[in-house]
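Understanding the architecture of this molecule
Each chain is listed here by its residues.
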Amino acid sequence: MASIVAVIASTHHPFYYRASTATGEDRPPFADEWTRKILAFRETLTRARPDVLVMVGSDHFHQLWLDNMPQFLVGKAPYYDANWYNEEREFGLPRMLLRGQEDLSGHILRAGLDAGFDLAFSNELRIDHSITCPIITLRPEADLPIVPIYTNIFAPPLPQPKRFVQLGQSIRDIVQSWPSHLRVAVIGTGHLSLELGGPRQFGPHGPDPEFDQRAVEWIANGDLDECLREVTLDSLHSPGNATHGFMDFMLMMGVAGAGVKADYVDTLDLFHTMEAYFTWYPNGAPTA
Amino acid sequence: MSKYLLNKFLFMVDRDPELVERYRSEPRELVSWWEAECANTVLNCHTGEASTWLRFDDVEREALATHDHVKLFELGAHPFLTLTLFIALFERDNTEPLEYQKSYGARLAHFSMPYPDIAT
């Protein structure tokens, strides 16, 4: 059966690509520290020597729209074009083409449906920065086949937080039951406190540093009990109006397992939002 | 009132560079044209099929025609859609980094929790 060699949860900051590639006067003062942290984070994936990446993210009203909105969707295609005109325009993100791992997509869909998740699917999915940002930060060669999984953290009504956790737990079991010798990393991105298009956006820190601190502790310690006690669909409005993206972190806590401490934890306090990076090694940390 | 239609306008204009420019330079004309020609388009569907019932009310139409992102927030338009499009419209006028983004937030400072409902 396949093995999960790394579980990775991260914020997806669309400004990283531009900040890290800027030079001279265009290079922001925080770019060097940010790049150092990303290179260290990248090493946690590289060391795990994955063959396949399961990528959990959320479409930002690119391909998925209010006339036909799935809650959880699995891509099943041989290729995925990536990044959109408005992401080039605002963030300077490059167009990309990623290979798909259709066999694993099909396995996740079949087993997920049988496990009680009525997963939507797409055979032609253009993915966005929720998935390409971690490709850029963690695997910039973009050479590994992927299975994209989209969650709806964006267009209410949303699934409950516990449903994200349950899906994460099922994804772990399903990937581990995939009849394959391949090494799989499960990577998901979300947000800590975040405000977009509201009065608290683009402040000197994330809109709710206290929430961020608690959230990082929940994730780092795998404290799903406390996290599920504290976090509701209503409560997530308080830290910032886009904080429902935190539920993708909760999904990844489900993949990692309740009570399992992360093997790698790092954060970076930036303007607008706090960056956070976590890696778990379900089979023990790889030797160098 | 249709939060959905407000969102549909923001979504469709934002993804089309030509419409972004028309909305920046002639917002009222663009809104009128879009409501007449595009509001009832069924996206991701065969051309030639359309809805028949979608239209703005006067407040919504005026908010869009005057680039009034504060009113759009009040009406429950999706903040991500509004922000993304308005950055495309006006960030180019910045004289320092994030100037527009910060002033956009400052103009919303009178809103407190809970914010207007964005559920469609």
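A brief look at the structure comes next. All values reported here derive from a predicted model rather than from experimental measurement.

**With respect to the overall build of chain A**
- Across its full length, chain A holds 9 helices and 10 strands.
- Relative to the 2.2 N^0.38 estimate, which gives 19 Å for 288 residues, the radius of gyration of chain A is 17 Å and therefore close to what a compact globule would have.
- Expressed as lengths along the three principal axes of its C-alpha atoms, the size of chain A is roughly 50 × 45 × 40 Å.
- Partitioning the contacts of chain A with sequence separation of at least 6, the portion at a separation of at least 24 is 80%.
- For chain A, the computed accessible surface area is about 10,900 Å², with 50% contributed by carbon and sulfur atoms.
- Taking the 22 positively charged and 36 negatively charged side chains of chain A as two groups, their mean positions are separated by 5 Å.

**Quick look at the packing of aromatic side chains**
- On inspection of all chains with the given rule, the structure shows 30 aromatic pairs over all chains.
- Geometrically, the ring pair formed by Phe246 of chain A and Phe249 of chain A is tilted, given 6.1 Å between the ring centres and 40° between the ring planes. Of this pair, Phe246 of chain A and Phe249 of chain A both sit in helix H9 (residues 246–256), 3 residues apart, which is roughly one turn of the helix. Just as Phe246 of chain A is buried, Phe249 of chain A falls in that class too.
- Taken together, the aromatic side chains of Phe9, Tyr23, Trp34, Phe56, Phe86, Phe90, Tyr100 and Tyr104 of chain B make up a single cluster linked through ring pairs.
- Geometry around Trp33 of chain B places Arg22 of chain B over its ring, the cationic atom sitting 4.3 Å from the centre.

**What about the packing of helix H7 (residues 209–221) of chain A against H9 of chain A?**
Residue and element names in this part refer to chain A.
- Between H7 and H9, the shortest axis-to-axis distance is 10 Å and the interhelical angle comes to 15°. By the angle between their directions, the pair H7 and H9 is classed as roughly parallel. Judged by the sense of rotation from one axis to the other, the crossing of H7 with H9 is left-handed. Contacts between H7 and H9 pair Phe211, Ala215, Trp218 and Ile219 from the former with Phe246, Phe249 and Met253 from the latter.
- Along the lines of polarity and charge, the residues of the contact of H7 with H9 split into 7 nonpolar, no polar and no charged.

**Details of the interface of chain B and chain A**
- If you look at the interface, chain B gives 33 residues, while chain A gives 26 residues.
- Taking both sides of the interface into account, the surface hidden between chain B and chain A amounts to around 2,600 Å²; carbon and sulfur atoms contribute 65%.
- Looking only at chain B, the three residues that lose the most surface to chain A are Phe11, Phe80 and Tyr115 of chain B, adding up to 21% of its buried area.
- Summed over the shared surface of chain B and chain A, the number is 1 salt bridge.
- We note a salt bridge from Arg89 of chain A to Asp14 of chain B, for which the minimum N-O separation is 2.5 Å.
- Where chain B meets chain A, there are 7 residue pairs in polar contact (both at pLDDT 80 or more).

Reading the values: rules and limits
Residues numbered from 1 in each chain as written. Chains lettered and ligands numbered in written order. Predicted model: local features only at pLDDT ≥ 70, side-chain atom pairs only at ≥ 80, totals over all residues. Heavy atoms only, no water. Helix = DSSP H or I, 4+ residues; strand = E, 2+ residues; numbered from the N terminus. Rg over C-alpha atoms; globule rule 2.2 N^0.38 Å. Contact = heavy atoms within 4.5 Å. Areas by Shrake-Rupley, 256 points an atom, 1.4 Å probe, with all protein chains shown as cover. Lys, Arg positive; Asp, Glu negative; His and termini not counted. Charge placed at Lys NZ, Arg CZ, Asp CG, Glu CD. Phe/Tyr/Trp six-rings, centres within 6.5 Å; stacked < 30°, edge-to-face > 60°. Buried < 20%, exposed > 50% of the residue type's maximum accessible area, 1.4 Å probe, protein only. Lys NZ or Arg CZ within 6 Å of the ring centre and 35° of its normal. Axes fitted to C-alpha atoms, helices over the stretch in contact; angles between N-to-C directions. Parallel < 35°, antiparallel > 145°, perpendicular 65-115°, else oblique. Left-handed = near helix turned anticlockwise from the far one by under 90°. Nonpolar A, V, L, I, M, F, W, Y, C, P; charged D, E, K, R; others polar. Buried area = accessible area lost by both parts, 1.4 Å probe. Salt bridge = Lys/Arg side-chain N within 4 Å of Asp/Glu carboxyl O. Polar contact = N/O pair within 3.5 Å; in protein donor to acceptor, adjacent residues only side chain to side chain.

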